[in-house]
Amino acid sequence: CELRREAAVNCAPSVYHERLLMNELPVVIASDALPALIDYLRSRGIARVNLVADGNTWAALGEPAARALAAAGVEAKPLLLAGAEITPDEPTVVELLLAAGRQQRPYLAVGSGVITDVTRFASYCTGNDFISLPTAPSVDAYTATASSLILRGLKQSVYSQAPVAVFADLDTLCAAPKAMIAAGFGDVVAKFTSVADWKLATLLWDGPYDAAVAQRMAAARDRCMAQVDAVGAADSAGIHSLIEALIEAGLCMLAFGGSQPAGQSEHYISHYLEMKLVREGRRPVLHGAKTGMATVIVARYYQQIRRMSRDEAARRLAALPRPDRQAEIERIRHAYGDLTSALIVEQAPFLDWSEADYARLQQRILDRWPEVQAVAAEVPSPDALTGLLERAGGTADARALGLGVAEMALAEEYGHYVRNRFTVMKLSRVLGLLA
């Protein structure tokens, strides 16, 4: 309770905080969040922690945190991950577990997406809590329960655990590289299409849905969009709004029990690209930069659906036969190679469509076409989304991110196979908009 009051004092009052403070997860966003971290550890009698960082995040916040903790009588064992670019894969997880040893102590994840994900997974596997200390407002992973890991080359969401607390040091976040700030904004922009895809799945595929959580996600997104210029300037009010939206995204996933509120078609395009870059040994591209750019791609399909009459939809549905199972498997094999077996299992609900199943889906699309178009109308135009990204310092140009035209075409066409969900890309495939 004391910590929740601390958060209210240190953060600008808002409806967001009033709601956030009702959750059991303590969150502090403050210009100097380390005193609140120390108070939290003292209140729970924690005298030893594992502090996970890499070279960059150690300099940004890890070392100051270690000094502050030592002065307060808390032993912080540094676990520094090696390398200029950390990949969330098996070697990195093993490296962290070996460095941590067998002593039971909470973990501090001092970093952004990758460090948070590998710390989340390692702490869960060893039966320890973890605390998040974000060093950049770059991803929505801070309060999520799943770790986004690359296992045997396949990007997977692996269930682990949420942090027991989050301490976001606003001074550190404002000083983060501009590219990471823009990436975080891109991950919030992605919530336009993720929420729309979630609604679409409910209309056409009877997917699980929570209207209250969807509204929370959309409201946090819109508050952040209103601060786009302050985000681009790395102004404290803008960064405060951005980290709030990112934290709220994680809390929405936590409340719903899945990633549907915050990651759908646009994330699957990003996942395809990330796996491709890892396979080819290429330099990674920031997750939020890819998802923001991919959101513009997905918005083009929503725009086509918004402009399509029901009669045209009916003609398109009548002209296209049910996707052939073996042909779909060959498409997956072409795009994913040795990951095909795992994706056949993942895509079983779609690969195993019967003629009757497909006919029912087609009829439901037509019966609910006005509602489908209403969902599509909630997604801003590609030009509007591009403008938002650019004002925040980001880009919708894949080439500016080091990605080629040919590989973007592959990601657009085949990204939807990454997850077993009905999204606008699946709908576009049924309507013949997607090859």
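Computed from a prediction, not measured in an experiment: that's the story for all the values here.

Strand 5 (residues 130–134) sits mainly inside the fold: five of its five residues count as buried. Burial of the side chains of strand 5 extends over both faces: Phe-130, Ser-132 and Pro-134 are buried on one face and Ile-131 and Leu-133 on the other. Remark: the strand 4 (residues 107–111)/helix 6 (residues 113–125)/strand 5 crossover connection has right-handed handedness. By the bridge criterion, two bridges tie strand 5 to strand 8 (residues 165–169) in an arrangement that is parallel. Paired with Ser-132 across the strands is Val-166, a residue of strand 8.

As for its position among the elements, Ser-147 is in strand 6 (residues 146–151). When its relative accessible area of 0% is taken as the criterion, Ser-147 is described as buried. Within the structure, Ser-147 has its side chain in polar contact with the backbone nitrogen of Phe-121 (distance 3.5 Å). The contact partners of Ser-147, leaving out residues within four places of it in the chain, are Asp-117, Arg-120, Phe-121, Gln-156, Ser-157, Val-158 and Ser-160.

This paragraph deals with the environment of Ala-289. Residue position: Ala-289 is located in helix 14 (residues 287–307). Along the primary structure Ala-289 and Ser-270 are separated by 19 residues, whereas in three dimensions their C-alpha atoms are 8.9 Å apart. When near neighbours in sequence (up to four residues on either side) are disregarded, Ala-289 contacts Ala-183 and Leu-401.

Moving on, we come to the side chain of Glu-413. Assignment of secondary structure puts Glu-413 in helix 22 (residues 405–414). Other than its neighbours up to four places away in sequence, Glu-413 contacts Arg-331, Leu-434 and Ala-435.

Within the structure shown, the criterion is met by twelve aromatic pairs. Grouped by ring-pair contacts, the aromatic residues Trp-205, Phe-350, Trp-353, Tyr-358 and Phe-422 constitute a single cluster. Positioned above the aromatic ring of Phe-350, the side-chain terminus of Lys-426 is 4.5 Å from the ring centre.

Analysis parameters
- Throughout this document, residue positions are counted from 1 along each chain, in the order its sequence is written.
- Reporting of local features is limited, given that this is a predicted model, to residues whose pLDDT is at least 70; pairs of side-chain atoms are given and counted only at 80 or more, and all residues count toward the totals for whole chains, interfaces and linings.
- Note that the side-chain values use all heavy atoms of the structure and ignore hydrogens as well as water.
- Whether a residue is buried, partly exposed or exposed follows from its accessible area with a 1.4 Å probe, protein chains only, as a fraction of its type maximum: under 20%, in between, or over 50%, in that order.
- Counting from the N terminus, the helices are DSSP H or I runs at least four residues long and the strands are E runs at least two residues long.
- For the handedness criterion, the strands are oriented away from the viewer, and a crossover whose path from the first strand over the helix to the second runs clockwise is classed as right-handed.
- In this description, strands pair whenever DSSP reports at least two bridges between them.
- Contacts described as polar in this section are N or O atom pairs within 3.5 Å, which, within protein, must combine one atom able to donate a hydrogen with one able to accept it, while residues neighboring in sequence count only if both atoms come from side chains.
- Contact criterion: two residues are considered in contact whenever any of their non-hydrogen atoms come within 4.5 Å of each other.
- Only Phe, Tyr and Trp rings are paired, with Trp represented by its six-membered ring, and only when their centres lie within 6.5 Å; those with planes under 30 degrees apart are stacked, over 60 edge-to-face, the remainder tilted.
- We count a charge as sitting over a ring when the NZ of a lysine or the CZ of an arginine lies within 6 Å of the ring centre and within 35 degrees of the ring normal.

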